[in-house]
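Structural features, examined
Take a look at the letters that make up each chain.
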Amino acid sequence: MSQRPVLLIGGSGIVGRWAARYLREAHPAVPLLLGGRDLARAREAAAGLGQAEGVAVDLAREDLGLGERPVSAVAVLFTDERVAGLRFAQSRGVPYLSISPGLNEIGPEVAAYIHRPTASAVVLGTEWLVGATTIPALAFARAFGRVHAIKVGALLDEQDAFGPAAEADLERQTKTMPAALMRRDGVYVWRVGDDARASFRAVDGTAMAASALSPNDVLGLANATGAPDVQFNLALGVSSSRRRGEPLSTEILIELTGEDHAGQPLRTRHAVVHPQGQ
Ligand SMILES: NC(=O)c1ccc[n+]([C@@H]2O[C@H](COP(=O)([O-])OP(=O)(O)OC[C@H]3O[C@@H](n4cnc5c(N)ncnc54)[C@H](OP(=O)(O)O)[C@@H]3O)[C@@H](O)[C@H]2O)c1
C-alpha cells in the first residue's frame, strides 16, 4: 500500500526546510509535500530530498488547492490566521501540528479543536524551539519528587537566521503581547515593566540581560510537573560559542529546584546547546 504524504505547509521556509531534512533522515520512506504560496520555491525546496514534492497552497480554499490529494498529517510552519490548515486536517481526520501562534493567539485553534475534539489529534507546538525546551526539562524533572520552580533562559544569537514569517510573528506579537505569562506561587500572572526584565548566565557564565517571554512551555511545564513557579526569559545577543570565536549556537539553560525522591532539597542546572543556532 502506498503511504500518504505528510504535508508541511511552509515547508519551503527556513524552519520548513530543516523540518523536511530531519523528517527525511528519521523516516527515509515517508513521502513529503512541501507547500507554500510560491510553487517554484516549494518545488525547489523539495528537489533532492527524495520522495518529496512541492505544492502550491491556497489557504483561502477549503481544500487548500490540493483537491482530493491524500495526506497523512498536516504541519503549519507559520501563523495561519485563517486556521485553514487545522480545518483541512480535521476534514481529512489526520493529525495537525502548529508551531507559530503565541500563547494569546491560540484561541481560534483551541476553539476549532473543542468544536470537533475527535476529528484530529492536535499539537499546539509553539514551545521554544518546538519541544527542545520542554522535553529535556521534563526528563530533568524525573530526578525530583517535587518540583518547586523551573526557570528557563533561552539565548538566541543575534546573528541567527530567520525568515519573513518569523519576522512577521515577532512584529505582531510584540504589539499584541507586551506581557508574558508565568506561574508564581501557583498563580498565573502576566509580567510587565520591571517584572518582565530578567537575567541569566549563559553556558560560559556570562550574565545576559533578558526579557520575559511566554512560549507554550510555561503552561506545559506548569501542568506536567505541578511546579508552582515557572518562568521563561529570552536573551538576544552573542552565544557562548561565538564569544569563544566559534560559529554561533543557540542555548537553553534550564534550572530546577525542589526535592528529590527522598525529600531532600535538590537544585539542578542544565544546558541544551545546538551548534547551528535555532
Ligand atoms: N516554535 C518554535 O520553536 C519556532 C522556532 C522558530 C521559528 N518558529 C516559527 O516558524 C515560522 C517559520 O519561520 P521561518 O524562519 O521558517 O519563516 P520563513 O522562512 O518566512 O518561512 C515561512 C514559510 O511559510 C510559507 N507561507 C507563509 N505564508 C503563507 C501562506 N499564507 N500560505 C501558504 N504558505 C505560506 C512560506 O512560503 P511562501 O512565501 O512561498 O508562501 C514559507 O515556506 C515562523 O512563524 C516562526 O515564528 C517557531
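Rules of the game
Residues numbered from 1 in each chain as written. Predicted model: local features only at pLDDT ≥ 70, side-chain atom pairs only at ≥ 80, totals over all residues. Heavy atoms only, no water. Salt bridge = Lys/Arg side-chain N within 4 Å of Asp/Glu carboxyl O. Helix = DSSP H or I, 4+ residues; strand = E, 2+ residues; numbered from the N terminus. Near = heavy atom within 4 Å. Polar contact = N/O pair within 3.5 Å; in protein donor to acceptor, adjacent residues only side chain to side chain. Areas by Shrake-Rupley, 256 points an atom, 1.4 Å probe, with all protein chains shown as cover. Domains from an automatic or database assignment. Buried < 20%, exposed > 50% of the residue type's maximum accessible area, 1.4 Å probe, protein only. Pairing = 2+ DSSP bridges.

1. Comments concerning the pattern of salt bridges
Under the definition given, this model contains 14 salt bridges. The shortest N-O distance in the salt bridge between Arg 17 and Glu 44 comes to 3.0 Å. Of this pair, Arg 17 sits in helix α1 (residues 14-26) while Glu 44 sits in helix α2 (residues 39-46), and the two are 27 residues apart along the sequence. Between Glu 246 and Arg 244 there is a salt bridge, with its nearest N and O atoms 3.1 Å apart. Overlapping salt bridges bring together Glu 81, Glu 105, Asp 169 and Arg 172 as one network.

2. Here we look at the site of the ligand
Around the ligand, the surrounding shell holds 27 residues, and the nearest of these are Ser 12, Arg 37, Ser 100, Leu 129 and Asp 169. Contact distances for the ligand include 2.7 Å between an oxygen atom and a backbone N or O atom of Gly 163. Protein coverage of the free-state accessible area of the ligand, which is 920 Å², stands at 87%. Elements represented by at least two residues in the shell around the ligand include exactly α1 and α6 (164-176). Among the elements that make up the shell around the ligand, the one with the highest residue count is α6 (four residues). Residue contributions to the shell around the ligand reach at least three from each of two domains, namely domain 1 (6-124) and domain 2 (134-274).

3. Let's talk about the pairing of strand β12 (residues 229-237)
Here β12 lies mainly inside the structure; seven of its nine residues are buried. Of the strand pairs in this sheet, strand β7 (residues 144-157) and β12 are connected by nine bridges, and their pairing is parallel. Its bridge partner lying in β12, Leu 155 is registered against Ala 235.

Such coordinate-based values are descriptive only and should not be taken to indicate function.
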